[in-house]
Amino acid sequence: MFLVLTLLVPAVTVYADDWGMGQANARLPHPSMFRPVSTPAQDISTLAVFVLMVTTAIFVIVSALLTYSVIRFRARPGDGSEPPQLYGSAPVEFAWTAVPVLIVFVLILTTARSVYTVQAARRPPRSVAVRVELTSADVVHSFWVPQLAGKTDVIPTNVMWMEPQEVGTYLGQCAEFCGTQHALMLLRVVVDPRDQWDRWVATQREVAIEDTSVASGRDVFASTACVNCHVVRGVGANGRFGPDLTHLMSRETLAAGAAHNTTPNLKAWI
Ligand code: CUA
């Protein structure tokens, strides 16, 4: 018993430890594609609702007919006769061919319209629109923030226009298996009002602050292998392989969104 508990407790602790992300994400809207706040997510959501309604209607009608038939035409005691055989009935054959073809045709048309709207998107007229160029440093990923846009492969020719209409932070996830760390490749997109965005850009462009209280950490960073992969502007670190760490502590998360950026988590991560 003791042995089982000894093995179980660390396992439970590991599973329960989400690096503070459960709490951090609980404040954010649920990343549902049915609550779009931007183009092209609105087109995709409309299509999804339509397809859902059509498929639900088909399910309900077929289930109702099936239930009715099972009850109404069930075998009764003493009745060993065969039911009437309807081989080659032209009206029945026509009905069960034409109706599915019609349904599929309607779904193809509505899907094609949405695909065209999303893929042929030109620069939207309003100046708030955001252009995202999807390129990758390694393999093909898929950019997916359900409330803002549909899944789009991260390959160099792909470009996406978004027009967010509500400020907030929106959660996403890489939507294509891209390696063993795929499940930890999370996304969060922050939509700011214009003035707040301008302030953020200005702050991010500044070099790292000079602070004597963090001088020893800066020395360790500058004198070890960290500088080979990371940029910290103002410290002489110019590595381009890893993320720019100049304003690391202005970020809410670490490790592509897998850990809340707190001092204990940062220490554990390093
Ligand atoms: Cu990147 Cu999955």
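Here the structure is a predicted model, which means the values were calculated and not measured. (Residues numbered from 1 in each chain as written. Predicted model: local features only at pLDDT ≥ 70, side-chain atom pairs only at ≥ 80, totals over all residues. Heavy atoms only, no water.)

Draft legend 1. Fine view of the nonpolar core. Within the largest apolar cluster, 13 residues are counted, with the highest numbers of intra-cluster contacts made by Leu-134, Phe-143, Val-145, Leu-148, Met-160, Met-162 and Tyr-170. Residue assignment for this core shows that the elements contributing at least two residues are strand E5 (159-164) and strand E7 (186-191). Contact partners of Val-145, with chain neighbours within four places excluded, come to Tyr-170, Leu-171, Gly-172, Leu-187 and Val-189. (Core = buried A, V, L, I, M, F, W, Y, C linked by side-chain atoms within 4.5 Å. Buried < 20%, exposed > 50% of the residue type's maximum accessible area, 1.4 Å probe, protein only. Helix = DSSP H or I, 4+ residues; strand = E, 2+ residues; numbered from the N terminus. Contact = heavy atoms within 4.5 Å.)

Draft legend 2. Region of interest: the packing of aromatic side chains. Taken as a whole and assessed by the stated rule, the structure comprises 3 aromatic pairs. Ring geometry for Trp-19 against Trp-269: centres 6.4 Å apart, planes inclined by 85 degrees, an arrangement best described as edge-to-face. Of this pair, Trp-19 sits in the loop between helix H1 (2-16) and helix H2 (21-26) while Trp-269 sits in helix H8 (residues 263-269); the two residues are 250 residues apart in sequence, bridging distant segments of the chain. For Trp-19, a relative accessible area of 27% translates into the label partly exposed. Pairing Tyr-68 with Phe-73 gives two aromatic rings, centres 6.2 Å apart and planes at 90 degrees, and the pair type is edge-to-face. With a relative accessible area of 48%, Tyr-68 lands in the partly exposed category. Accessibility expressed as a relative area gives 58% for Phe-73, which makes it exposed. For Lys-151, the ring lying beneath its charged end belongs to Trp-144, and the centroid distance is 4.5 Å. (Phe/Tyr/Trp six-rings, centres within 6.5 Å; stacked < 30°, edge-to-face > 60°. Lys NZ or Arg CZ within 6 Å of the ring centre and 35° of its normal.)

Nothing here speaks to function; it is geometry throughout.
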